[in-house]
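# A look at the structure
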Amino acid sequence: MLKMFYIGSLGIIFWILSSFFSLTIETSLIGIGIYGFVMLGMYLFDLMNFDVPKYSIKNYLTVIAINLLMFFIWFLTSWDFWLIVFSILFTAVAILLRTLINIAIYRIKPVTIYGNGELKTNLEESLKKLDGYKYIDYSNDISELESFVEENNIKLLLLGKIKLEEKEIETILKIKLRNTQVMGYLDYMLEIEKKIEVSYINEEWLLNAYGFEILTSKIQNKIKRVFDIGMSIVIGFLTFPIMILAAIIVKLESPGSVIYSQARVGENEKEFLVYKFRSMRQDAEKDGAKWAQKNDPRVTKFGNFMRKTRIDELPQLLNVIRGDMSFIGPRPERMVFIKELEKQIPYYGLRHMVKPGLTGWAQVMYPYGATVEDAKNKLEYDLYYIKCYSLYLDIVILFKTLKTVVFGKGR
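The structure contained in this document is the topic of the report that follows. From a predicted model like this one, the values you see are computed outputs, not experimental measurements.

What follows concerns the packing of aromatic side chains. The relation between two aromatic rings is expressed through the spacing of the ring centres and the mutual angle of the planes. Tallying each qualifying case throughout the model produces 17 aromatic pairs. Taking 5.7 Å as the distance between ring centres and 35° as the angle between the ring planes, the aromatic pair formed by F71 and W74 counts as tilted. With F71 and W74 both in helix 3 (residues 57–78), this residue pair falls three residues apart, about one helical turn. As far as burial versus exposure is concerned, F71 and W74 are alike and both buried. Their ring planes at 75° and their centres at 5.7 Å tell us that Y385 and Y389 sit as a pair that is edge-to-face.

Here it is as structure tokens:
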């Protein structure tokens, strides 16, 4: 919400400045594109996070650099010297607004955890990554919890237990009714970590959980299909020269076919052929199917570059247009691996309730991995996507994927 407020406010300021300086229609139209690129740059460089404890000089310098670069390009297209004043004013307002939002919302929130064992450890590790929280450790003694919360002015109490006894429920309910936020373990992981911990859910949880509209809503699925086709056509058109160049390099670098096809499992566990630019040697699986590894020796030099920038995935746009895949969803896996993973990971088959995707929530939230534990962690993000699907979430994933491509952080 804050990001939308920031973007909207800057958009209004941009429009006011455009009107004040009486820019021509042609200059104004170019300016709209410049504004869009400024906002995109702010997002890619993580300059729209406001809940930070201090204001980084590096971040402010990056804001200035992005604005100056974009406005310089705008200036070169029009040679309107008023744009220099325009850019200074707009940049100053962007920095001032950012600072005011930080001052208004940032508050250090004391937090503690009731519980022990693995769940408490997981919560502690998660809190270390969050700004704005002051963690105060507490021993697992329900009789002292109420006074501890009051003495330390605890604003957030996290429950490191799945099942609570009657006395624990009574005490924690009193704490909650005295204006302290109480959050269960699964709710915390869902809202903060944006994933569903499959080790601690069961059929009853799945039965009562809200969401999962993507499985039943015909309207949402039609919107998603329109989004898939539209994005595939646009990205296919924009990247067509890159695909031609990639095909030539793949052919010249090593013998074998340019396009590599492989059977993958899709919606309702139906297999289909997925298409990719070949990034490995032609004989990569002469000894049978293997998980791809980090720094895999079977990957060619250009194949490694394609994997980091996701260029090797571009032929899958055809799969999306054909309807085998969605633009965004869980990544499709091979049947030989799925059969093994279903034996070791609870609810792994749930990811096949929707179409697989060219990119997905797990791909942008979890680093590349090739173990059963990695597959479990990725499943937790995939289930979050299925549960909380929205067009907005698809757009967020799209921009995070763009960020991965720009900075070469693919697998």
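Don't stop here, the text continues.
On to the nonpolar core. Core analysis: the largest hydrophobic core is formed by 64 residues, its most contacted members being L158, F277, F327, W361 and Y385. Examining the composition of this core, we find that seven residues originate from one element, helix 15 (residues 372–388), more than from any other. Among all residues touching F327, those that are not within four sequence positions of it are D228, M231, S232, I235, L317, V320, G357, L358, T359 and L398.

This part takes up the sheet that holds strand 4 (residues 181–183). In space, the four strands of this open sheet follow the order 2-1-3-4, with parallel pairing throughout. Among the strands making up the open sheet, the edge pair consists of strand 2 (133–135) and strand 4. Each strand axis lies, on average, 30° off the axis of its neighbour in the sheet, ignoring direction. As paired elements, strand 1 (residues 109–115) and strand 2 share three bridges and run parallel to each other. The residue bridging K109 from the neighbouring strand is Y133, located in strand 2.

Here the phi dihedral of N179 falls at roughly 75°; this positive angle occurs in a residue that is not glycine. Take N179: it is sitting in the loop between helix 7 (166–177) and strand 4. Residue classification places N179 among the exposed residues on the basis of a relative accessible area of 68%. Residue N268 is not a glycine yet carries a positive backbone phi of 60°. Mapped onto the elements, N268 comes out in the loop between strand 5 (259–265) and strand 6 (271–277).

Quantified by volume, the second largest pocket comes out at close to 680 Å³. As for the second largest pocket, its lining consists of 23 residues, and the residues nearest its centre are I235, T239, L398, L402 and V405. For the lining of the second largest pocket, the secondary structure elements donating two or more residues are helix 2 (25–44), helix 10 (218–253), strand 8 (357–359) and helix 16 (391–406). Tallied by class, residues from the lining of the second largest pocket come to 17 nonpolar, four polar and two charged.

Moving on: the pattern of salt bridges. Opposite charge on two side chains makes pairing possible when the charged atoms of those side chains draw close. Tallied over the entire structure, the rule returns 13 salt bridges. With its nearest N and O atoms 3.1 Å apart, the salt bridge here joins K224 to D394. Taken together, the residues span a long stretch of sequence, with K224 in helix 10 and D394 in helix 16 at a distance of 170 residues. Connected through shared salt-bridge partners, E146, E150 and R178 make up one network.

Cut-offs applied
Residues numbered from 1 in each chain as written. Predicted model: local features only at pLDDT ≥ 70, side-chain atom pairs only at ≥ 80, totals over all residues. Heavy atoms only, no water. Phe/Tyr/Trp six-rings, centres within 6.5 Å; stacked < 30°, edge-to-face > 60°. Helix = DSSP H or I, 4+ residues; strand = E, 2+ residues; numbered from the N terminus. Buried < 20%, exposed > 50% of the residue type's maximum accessible area, 1.4 Å probe, protein only. Core = buried A, V, L, I, M, F, W, Y, C linked by side-chain atoms within 4.5 Å. Contact = heavy atoms within 4.5 Å. Pairing = 2+ DSSP bridges. Axes fitted to C-alpha atoms, helices over the stretch in contact; angles between N-to-C directions. 1 Å grid on protein atoms, 1.4 Å probe; cavity = no way out; pocket = protein on both sides within 12 Å on 5 of 7 lines; lining within 4 Å. Points joined across faces, edges and corners; volume = space filled by probe spheres on them. Nonpolar A, V, L, I, M, F, W, Y, C, P; charged D, E, K, R; others polar. Salt bridge = Lys/Arg side-chain N within 4 Å of Asp/Glu carboxyl O.

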